[in-house]
Amino acid sequence: MHTEKPRIGIIGTGAIGGFYGLMLARAGHDVHFLLRSEYQAVVEHGITVDSLVHGELHIDGVQAYRDVADMPPCDWLLVGTKATTNFELAPILARAAAPDARIILLQNGMKNEEYLRPHLPDNVHLIGGLCYVCLFREAPGLVKHQANGLIDLGYHSGPATAEQATAIIHQAEALFTSAGVPAKAMADIDGARWQKLVWNAAFNGVHVVLGAGTKALLENPSSRQLIRDLMDEVVAAAKACGHSMPDDYPEKLLFGTAKMPDYYASMYHDWLHKRPMELDSLYGEALKLAAAAGCSMPRTEALLNMLRFIQDGYLKAE
């Protein structure tokens, strides 16, 4: 079902889904939002993005659904849920997808597409999406956007030929750019995920363990060195797994981060609200892949053990 005006479904209307869904809806696209706890707030008050880049953005009259069974079949599905809920994601996607639907997985971590693919209908296309954006959910229906917004897109699997897959990614690029969101194709999803992990694996966990944002972490020599050492481990692991990295990549990331507004990555907000953290997708999978390639990541493993201790403490207390 690919009409001149495709139907877009947002699966998981938190920070990621709320931001990109709002941008698409404001551009005139037919966007449908699946929500859980935020459903009533969004129905009554719409979705607001308080952006340091775009100013305050708002949409009313949101096409919102609490149950996927009530959603119309969608040509595009943007998945903004955490990887911690992927075990229950496939039936939702299968129900929301129109025939030949394009599913864009906007999640952090490694191997998410590989684990999800066997549980999806054969006739849907699975696309990896890497979001380079600083934002967080401030309240139900309210997203705080601090910087960036670029999405890298790569075809993972589905019924398309190589030529058709290229065309689908170009369609996805056009969809986002029409909404003022920069987007570009990536040739190697796995390599791109390793590159993104260099920043994510370092900052996410350290935000939780040290309770500090990017500004304080980079201003203190000890924490800055810790961040740099973690980044270097991920770079070494990626190279051991056969993926190239840009020259001086960690230093470039540190330089760029220092120019951003003070920021706490998504894992900090999961810890703050006592939600499960994306420990396996952000750390566990990378450690497994590195070990299989004969590369050790002792600092990353130590950080993961600390995060597991912290998470066990609050999840077991519930």
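Everything below is about the structure shown above.
Residues numbered from 1 in each chain as written. Predicted model: local features only at pLDDT ≥ 70, side-chain atom pairs only at ≥ 80, totals over all residues. Heavy atoms only, no water.

Caption draft 1: Examining helix α11 (residues 279-292) more closely. Given a rise of 1.5 Å per residue, 14 residues ought to cover 20 Å, and the 19 Å separating the end C-alpha atoms of α11 matches this to within 8%. Within α11 the residues assigned to the buried category are Leu279, Ser281, Leu282, Tyr283, Gly284, Glu285, Ala286, Leu287 and Ala290. Each element contacted by the buried residues of α11 is listed here: α4 (112-116), α6 (189-210), α8 (221-240), α10 (266-272) and α12 (298-315). (Helix = DSSP H or I, 4+ residues; strand = E, 2+ residues; numbered from the N terminus. Expected span 1.5 Å × (residues − 1). Buried < 20%, exposed > 50% of the residue type's maximum accessible area, 1.4 Å probe, protein only. Contact = heavy atoms within 4.5 Å.)

Caption draft 2: Representation of the pairing of strand β9 (residues 142-157). Burial within β9 is extensive, with 12 of its 16 residues counted as buried. The hairpin formed by strand β8 (residues 125-139) and β9 contains two residues between the paired strands, and Gly141 there has a positive phi angle of roughly 75°. Two elements, β9 and strand β10 (residues 183-185), share three bridges in a ladder whose sense is parallel. Along β10, the bridge assignment pairs Leu153 with Ala185. At this point the chain moves from β9, through helix α5 (residues 162-177), to the parallel β10, and the crossover so formed is right-handed. (Pairing = 2+ DSSP bridges. Right-handed = clockwise from strand over helix to strand, strands pointing away.)

Caption draft 3: Here's a closer look at unusual backbone geometry. Here the phi dihedral of Asp100 falls at roughly 70°; this positive angle occurs in a residue that is not glycine. Looking at the secondary structure, you find Asp100 in strand β7 (residues 97-105). The phi torsion at Asp248 lies on the positive side, around 55°, for a residue other than glycine. In this fold, Asp248 is placed in the loop between α8 and α9 (249-258). You can call Asp248 exposed: its relative accessible area is 59%.

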